[in-house]
Amino acid sequence: MGTNNPPLSPEDVERFGPDPLTSFRTNLASVEERITLACARAGRDRASVRLLPITKTVPAHILRYAFDVGISTFGENKIQEAMTKCEALHDLAIDWSIVGHLQTNKAKYLTRFAREFHALDSLRLADLLNTRLEREDRFLDVYVQVNTSGEDSKFGLHPNALLPFVETLDQVPRLRPCGLMTLALFSSDMAKVRPCFILLRRLRDKAVKHNAALTGLSMGMTGDFEEAIEEGATVVRVGQAIFGKRPTPDGHYWPGFVPTDRGIEP
Ligand SMILES: *Cc1c(COP(=O)(O)O)cnc(C)c1O
C-alpha cells in the first residue's frame, strides 16, 4: 500500500509523467518481459538473472513510487547521492547497492549502509573496506570490476591483473566475493559490445577456480542487457529503461565519458 507519496513538482511531471507509479510499473513489466525472453533465447532459467534497478539521478521522493511498485534494492553510482537518499528514505526497508567507482577516502561511508558493492578494483580499497566492516561488525557483497573494453576512461582491473587480485581476497574476510562486474564499450554496434561480455565470462570461468564464490557476472545496462543475458549475466544493472531518460550527461558518472552513436537512450 502507498507509502504516502509526496506531491509532484512541475519538473517531476516533466521528467516522470503525471503518474510515476503507473509508468514505473509498466516499464518494469516491459523490462521483466525482455529479461524473460532473453533467458529463453539463451536456454537459461529466469531465476538465474537478477534485475538490479539503478536509481541514480532519480530524486528520493520519486523513489517512494519505485518502492511502491515493488523495487526494494536501489543501485546508485555515487556514494554521496546514495547516502543522502538513504537518509531521506530511512523509513523504508531498502537495500543499497553501490555500482560506481569508490575513492578510498569514501570507503568509510559505504560500509555504514551499503549491502553490496559492484566496483571493487584495488587491494587498497579492499583493505580499507575490510577494516571498516570489522569495526562495524558487518559484511559486504562485492563484485570485482574488470575493464573489458580497453578504454582508458573505464575503471576496473586490467584483465591480466584479475587473477593475482583474486588470490588476495582471502585476506579480506569481511568482503563476500560474488563475481565480476564490467561496463561494456559504449556503442550501438553489438558486435563490439558482446566481446566485452564474453571476455568477462571467460575471466569468471578462470577466477572461479581460484575462489569458488566468484560465480556472478554483473553486466548489461539499458542499452545492452539482453545481449549480456545471452552471454551469461547473472545481474543486469538497469536504470533508464525503468525510470526514463536521465537529464544529466553520463560524464558526471563516468569520468572521461564521451557520448557515442549509441547515446543514452533507453
Ligand atoms: C547508470 C549505470 C547503469 C545503468 O545505466 P542505464 O543506462 O540507466 O541502464 C549501470 N551500471 C552503472 C555502473 C551505472 O553507473
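- Under an unreviewed UniProt entry, the protein has the name Pyridoxal phosphate homeostasis protein and belongs to Mesorhizobium metallidurans STM 2683.
- You can read under Function (unreviewed entry) in the UniProt record for the protein the words "Pyridoxal 5'-phosphate (PLP)-binding protein, which is involved in PLP homeostasis."
- Regarding the protein, the relevant UniProt record gives this comment under Sequence similarities (unreviewed entry): "Belongs to the pyridoxal phosphate-binding protein YggS/PROSC family."

## Let's talk about the pattern of salt bridges
Item 1. In the structure shown here, the tally under the stated rule is 15 salt bridges.
Item 2. Close ionic contact of Arg41 with Glu230 constitutes a salt bridge, the shortest N to O distance being 2.8 Å. In this pair, Arg41 is assigned in helix H2 (residues 20-41) and Glu230 in helix H9 (residues 225-230), connecting sequence segments 189 residues apart.
Item 3. Each of Arg41, Arg194, Arg201, Glu230 and Glu231 takes part in salt bridges that share partners, so that together they form one network.

## Concerning the nonpolar core
Item 1. Core analysis: the largest hydrophobic core is formed by 71 residues, its most contacted members being Phe117, Leu120 and Leu129.
Item 2. Counting residues per element, this core draws most heavily on helix H8 (residues 190-210), at seven residues.

## A look at the packing of aromatic side chains
Item 1. The full count for this structure, using the stated rule, is three aromatic pairs.
Item 2. Judged by centre distance (6.0 Å) and plane angle (90°), the rings of Phe16 and Phe24 are edge-to-face. Here Phe16 and Phe24 have matching classes, each one buried.
Item 3. When the ring of Phe74 is compared with that of Trp96, the centres are 5.5 Å apart and the planes differ by 85°; the resulting orientation is edge-to-face.

## Points about the site of the ligand
Item 1. Close to the ligand lie 14 residues; Lys56, Asn77, Thr222, Gln240 and Arg246 are nearest.
Item 2. Separating an oxygen atom of the ligand from a side-chain N or O atom of Asn77 is a distance of 2.7 Å.
Item 3. Surface burial for the ligand is 98%, taken as the share of its 390 Å² of free accessible area covered by protein chains.
Item 4. Across the shell around the ligand, the residue classes break down as seven nonpolar, four polar and three charged.

## Here we look at the confidence of the model for the protein
Interpreting fine coordinate detail is not advised for predicted regions of low pLDDT.
Item 1. Confidence in the prediction for the protein averages 93 pLDDT; 92% of positions are at 70 or higher.
Item 2. Counted against residues more than four places away or in other chains, residues 259-266, with its pLDDT under 50, gives 23 contacts.

## Let's talk about helix H3 (residues 60-68)
Because each turn of an α-helix spans 3.6 residues, side chains separated by three or four positions in sequence point in the same direction.
Item 1. If you check which residues of H3 are buried, you get Ala60, Ile62, Leu63, Arg64, Tyr65 and Ala66.
Item 2. The positive-phi residue at the C-terminal boundary of H3 is Gly70, with phi of around 105°.

## Digging into the UniProt feature "domain: Alanine racemase N-terminal" (unreviewed entry) in the protein
Item 1. With numbering matched to this structure, UniProt assigns "domain: Alanine racemase N-terminal" (unreviewed entry) to residues 48-247.
Item 2. With 38% helix and 20% strand, the stretch residues 48-247 has end C-alpha atoms that lie 32 Å from each other.

## Overview of the environment of Thr215
Item 1. If you trace the backbone, Thr215 turns up in the loop between H8 and strand S7 (216-218).
Item 2. It is 39 Å that separates the C-alpha atoms of Thr215 and Asn5, two residues lying 210 residues apart in sequence.
Item 3. Excluding anything up to four places from it in sequence, Thr215 contacts Cys178, Gly179, Arg204 and Val208.

## Section: the environment of Trp96
Item 1. Checked against the element boundaries, Trp96 lands in strand S3 (residues 95-98).
Item 2. The exposure class of Trp96 is buried, given its relative accessible area of 3%.
Item 3. Considering only alpha carbons, one finds Trp96 and Thr73, 23 residues apart in sequence, at a separation of 5.8 Å.
Item 4. Beyond its immediate chain neighbours, meaning those up to four positions away, Trp96 contacts Phe74, Glu76, Ala82, Lys85, Cys86, Leu89, Phe113, Ala114, Arg115 and Glu116.

## Section: the packing of H2 against H3
Item 1. Packing of H2 against H3 leaves a shortest axis separation of 9 Å and a crossing angle of 50°. Relative to H3, the element H2 lies oblique. In terms of crossing hand, the pair formed by H2 and H3 is right-handed. Of the residues in H3, those in contact with Pro20, Leu21, Phe24 and Arg25 of H2 are Ile62, Tyr65, Ala66 and Asp68.
Item 2. Residues of the contact of H2 with H3, tallied by class, amount to six nonpolar, no polar and two charged.

Rules used throughout
Residues numbered from 1 in each chain as written. Predicted model: local features only at pLDDT ≥ 70, side-chain atom pairs only at ≥ 80, totals over all residues. Heavy atoms only, no water. UniProt positions renumbered as here; feature names shortened; annotations may be inferred. Salt bridge = Lys/Arg side-chain N within 4 Å of Asp/Glu carboxyl O. Helix = DSSP H or I, 4+ residues; strand = E, 2+ residues; numbered from the N terminus. Core = buried A, V, L, I, M, F, W, Y, C linked by side-chain atoms within 4.5 Å. Buried < 20%, exposed > 50% of the residue type's maximum accessible area, 1.4 Å probe, protein only. Phe/Tyr/Trp six-rings, centres within 6.5 Å; stacked < 30°, edge-to-face > 60°. Near = heavy atom within 4 Å. Polar contact = N/O pair within 3.5 Å; in protein donor to acceptor, adjacent residues only side chain to side chain. Areas by Shrake-Rupley, 256 points an atom, 1.4 Å probe, with all protein chains shown as cover. Nonpolar A, V, L, I, M, F, W, Y, C, P; charged D, E, K, R; others polar. pLDDT = per-residue confidence, 0-100. Contact = heavy atoms within 4.5 Å. Axes fitted to C-alpha atoms, helices over the stretch in contact; angles between N-to-C directions. Parallel < 35°, antiparallel > 145°, perpendicular 65-115°, else oblique. Left-handed = near helix turned anticlockwise from the far one by under 90°.

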